[in-house]
Structure formats: C-alpha cells, structure tokens
Amino acid sequence: MPELPEVETVRRGLAPVMVGARILAVDQRRPNLRFPFPERFTERLSGRGVVALRRRAKYLLADLDDGAALVMHLGMSGSFRIEGHVDALNAEAQKLAPCGAPKDAAHDHAAFSLSNGARVVYNDPRRFGFMQLAAQAGLDAHPLFRGLGLEPLDGALDGAALARLFTGKSTSLKAALLDQRLVAGLGNIYVCEALHRAGLSPRRAAGTLARQSGGPTAGARRLAEAIRTVLEEAVAAGGSSLRDHRQADGSLGYFQHSFRAYGREGAPCPTPGCDGLIRRAAQGGRSTFYCAACQK
C-alpha cells in the first residue's frame, strides 16, 4: 500500500494542474470502489473550483470552493494520471523516468475534466481505494481523521514528541511507529528504514525511548531525525515503486534503490563498521528487515 512519501509525491504532481482549475465534468464509471461513491458525486463536483490540494496521513484532500473537500485514498493499487495539455510534460518525465507498461484503461474508474484543458484520471485495478466528500470545517472530527497522530513532516515530530507518545508503552517500537493514532502516515517500508538508520531494534519496547523524567533519550532524538530524513529523501526521489505505485505523470519513484534494510535479507549491513547481515522477521503479520548487530 502506498505510504506517506508516495501520497505526497502524487499530491505534488497533481497540485500544479488541479489547484486553481474548475472541474467541468466528472466521468464516474462504476458505482463503487472500496466503498460506494458519494450520492450525486458527479453533480456535486461539476462546476466546483479546486482551491487547495492537501495531504493528511495517507489521504489526499482537494479543497473545493463551496467548503467541501474531496477525500481520496489510493488503497493498494490506485494511481492518478494527467492527460491533456500537460502531455508534453508527461513525455519529458517519461524520458527521465521510464515507467514501463501503462496502466490498463479498463481500470479507469473516474476522470475529472478541468477548465485548463487537463484531464485527471483515477485508475485502480484492485479497487481498494475510495473517494468521499466531507466538509472542510471540522474535518479533524471526521471519522476518517479523528484520532490520527502527528504528521511526521510538519515540524512537530522530534525526540521530545516521541518520548511523550511512547512513555509507558511496552509494545514494540515498530508496532508503536505503525500505530496511526501516534504518528500518522508511516508504513512498514519507511519504519524499517528509519529504525535501521537510528540503530534501534524494531523489537525493543517503545517506552525505552523515554527517560524516567519523561524526556527523550538519545535514541528518541536519532529516531525522530531518521524518520524525517528518510521521508524527505523518499519524497525527493518520487517514492518507492513497489508493485503498483506510480507518480501522477506516470513515472516511477526511485527510493527503493536507496533501501538500506527493507527487502535486503541476507545482504551485508550498510552501516559503516558493521559486519552484520540484514535479517528478516515477522512482526504483526508483516516482514521486518533489520540488522541484529547494530540495531539495539
């Protein structure tokens, strides 16, 4: 499933085309994805202007000029592509990042025709994504967003914040980082990468990152910095193209070529001075990749 960097990459790709444009028409090709489309979906969007395109955790939010927000989730295989007047930009992006076989148009489930001549198409072979409409006012209280934790890239995530969130928690550090009520938007790939960079075992108790006083340990500070760095580098690289993810221009992300731990079972640990090997273990039904020699 796409993680925060993939969703942020899609947001940055769509924003120059969508923000400031008006939705002239919506072509809804089926009644549902993971959930049914909202009632009168095409009617409620047609004629509306897009004033902003935001991200919250793994959700895309298009703020409309009538006070509503179009909430979009990519699910496991969802992607957007841009057609129309930006085809030349797409062609240039393909030269820089060839994307292989295009998405099958049979899985195009919704298309938005914009006033600037662009057409934004949502493709989702597994149909596990979804779209909803919600009021911008009070969006934090919406069931999808109520209880979501800190945004790791908004400046609020530091060692002190992690110590505060993890104080007294006996659950594993990896499980705590994947808990969307604590830190929003992190997924298995980037948690593995951040823990490896911070030199922290995924199995250690989350509460060990807080001192008795409640302050952060050195490990908490390292982890906060590693989370920010890994996510920022992944966004800059266009995310990680594992299985289905593509950017809005159709090109692939390249951060998977920078993985230090994820998917590298049996490979030498890349940490300078470490002679260990990357191991794979199961935690909570997911694969964890780590180095037992340098992650303590």
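Before reading on, note that the structure itself is shown above.
Structural notes, computed from the coordinates. (Residues numbered from 1 in each chain as written. Predicted model: local features only at pLDDT ≥ 70, side-chain atom pairs only at ≥ 80, totals over all residues. Heavy atoms only, no water.)

### Looking at the overall build of the protein chain
Across its full length, the protein chain carries seven helices and ten strands. Within the span of the protein chain, comprising 296 residues, buried residues form 53% of the whole. Considering only contacts within the protein chain whose residues lie at least 6 apart along the sequence, 67% involve residues at least 24 apart. When the accessible surface of the protein chain is summed, it comes to about 12,900 Å², and 51% of that surface belongs to carbon and sulfur atoms. (Helix = DSSP H or I, 4+ residues; strand = E, 2+ residues; numbered from the N terminus. Buried < 20%, exposed > 50% of the residue type's maximum accessible area, 1.4 Å probe, protein only. Contact = heavy atoms within 4.5 Å. Areas by Shrake-Rupley, 256 points an atom, 1.4 Å probe, with all protein chains shown as cover.)

### Describing the environment of Leu-177
Along the polypeptide, Leu-177 turns up in helix α5 (residues 173-178). Taking C-alpha positions, Leu-177 is 9.3 Å from Phe-166, a pair spaced eleven residues apart along the chain.

### What about the packing of aromatic side chains?
Under the definition given, this model contains seven aromatic pairs. Site record: aromatic cluster; members linked through ring pairs are Phe-35, Tyr-59, Phe-130 and Phe-145. The lysine or arginine in question, Arg-34, covers the ring of Phe-128, its NZ or CZ lying 4.1 Å from the ring centre. (Phe/Tyr/Trp six-rings, centres within 6.5 Å; stacked < 30°, edge-to-face > 60°. Lys NZ or Arg CZ within 6 Å of the ring centre and 35° of its normal.)

### A short note on the nonpolar core
Of all hydrophobic cores here, the largest spans 37 residues; its most connected members are Phe-166, Leu-173, Leu-177, Leu-223 and Ile-227. Those elements that place two or more of their residues in this core are α4 (159-166), α5, α6 (188-198), α7 (218-236) and β10 (286-291). Per-element tally for this core: the top contributor is α7, with eight residues. Look past the residues within four positions of Leu-177 in its chain and what remains in contact with it is Phe-166, Val-183, Leu-186, Val-191, Leu-195, Leu-223 and Ile-227. Counting 32 residues, the second-largest nonpolar core is a separate cluster that includes Met-18, Ala-62, Leu-64 and Ile-82. (Core = buried A, V, L, I, M, F, W, Y, C linked by side-chain atoms within 4.5 Å.)

### A word on the sheet that holds strand β1 (residues 23-28)
Overall, antiparallel pairing links the four strands, which are arranged β1-β6-β7-β5 in an open sheet. Each having just a single partner strand, β1 and β5 (79-83) make up the two edges of the open sheet. For this sheet, the mean inter-axis angle between neighbouring strands, taken without regard to orientation, is 15°. Along the sheet face, helix α1 (residues 4-18) touches β5, β6 (108-114) and β7 (119-123) and points at about 35° away from the line of β5. (Pairing = 2+ DSSP bridges. Axes fitted to C-alpha atoms, helices over the stretch in contact; angles between N-to-C directions.)

So, to be careful, I would describe these as geometric facts and stop short of saying anything about function.
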